[in-house]
Amino acid sequence: MENIMICNCMQVSVADIEKALHEGQQFGDVEKQFEKVQMVTHCSTGCGGCHDKVLDVISELMG
Ligand code: FES
């Protein structure tokens, strides 16, 4: 699961998202965490097609 590629454009895997998620402050909702993960990994800044997948992974990791 860790090595599953979530964002092909920016080569961001589940593990990368998990790492970014644990950086900095943990409060906030999924959208806030998404912004943080995006800032760190640049996921979903290419075609944008992975947006929902990234959100899914974040909410799964948060829950
Ligand atoms: S797959 Fe993530 S931006 Fe294209």
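Refer to the structure presented above.
First, a word on what this report is: a plain description of the structure on this page. Please read these numbers as outputs of a predicted model, since none were measured by experiment. (Residues numbered from 1 in each chain as written. Predicted model: local features only at pLDDT ≥ 70, side-chain atom pairs only at ≥ 80, totals over all residues. Heavy atoms only, no water.)

Looking now at the overall build of the chain. The secondary structure content of the chain amounts to three helices and two strands. Counting from the amino terminus, the chain carries its helices and strands in the arrangement β-β-α-α-α. Relative to the 2.2 N^0.38 estimate, which gives 11 Å for 63 residues, the radius of gyration of the chain is 10 Å and therefore close to what a compact globule would have. With the C-alpha coordinates aligned to their principal axes, the bounding extent of the chain is approximately 30 × 20 × 15 Å. Going through the 63 residues of the chain one by one, you find that 32% of them count as buried. Long-range contacts, defined here as pairs at least 24 residues apart, represent 48% of the contacts in the chain between residues at least 6 apart. Once the 4 positive and 10 negative side-chain charges of the chain are each reduced to a mean point, those two points are 5 Å apart. (Helix = DSSP H or I, 4+ residues; strand = E, 2+ residues; numbered from the N terminus. Rg over C-alpha atoms; globule rule 2.2 N^0.38 Å. Buried < 20%, exposed > 50% of the residue type's maximum accessible area, 1.4 Å probe, protein only. Contact = heavy atoms within 4.5 Å. Lys, Arg positive; Asp, Glu negative; His and termini not counted. Charge placed at Lys NZ, Arg CZ, Asp CG, Glu CD.)

Next up on the list: helix H1 (residues 14–21). Residues of H1 that are buried: Val14, Ile17, Ala20 and Leu21. Down the axis of H1, the buried set is contained in an arc of 130°. They therefore lie on one face. Buried residues in H1 make contact with strand E1 (5–7), strand E2 (12–13), helix H2 (30–41) and helix H3 (51–62). (Arc of directions from axis to C-beta.)

Let us look at the packing of H1 against H3. Taken N-terminus to C-terminus, the directions of H1 and H3 make an angle of 55°; their axes are 10 Å apart at the nearest point. The angle between H1 and H3 places the two elements in the oblique class. Of the two possible hands of crossing, H1 and H3 adopt the one that is right-handed. Residues Val14, Ile17, Glu18 and Leu21 of H1 pack against Val54, Val57, Ile58, Leu61 and Met62 of H3. Broken down by class, the residue content of the contact of H1 with H3 amounts to eight nonpolar, no polar and one charged. (Axes fitted to C-alpha atoms, helices over the stretch in contact; angles between N-to-C directions. Parallel < 35°, antiparallel > 145°, perpendicular 65-115°, else oblique. Left-handed = near helix turned anticlockwise from the far one by under 90°. Nonpolar A, V, L, I, M, F, W, Y, C, P; charged D, E, K, R; others polar.)

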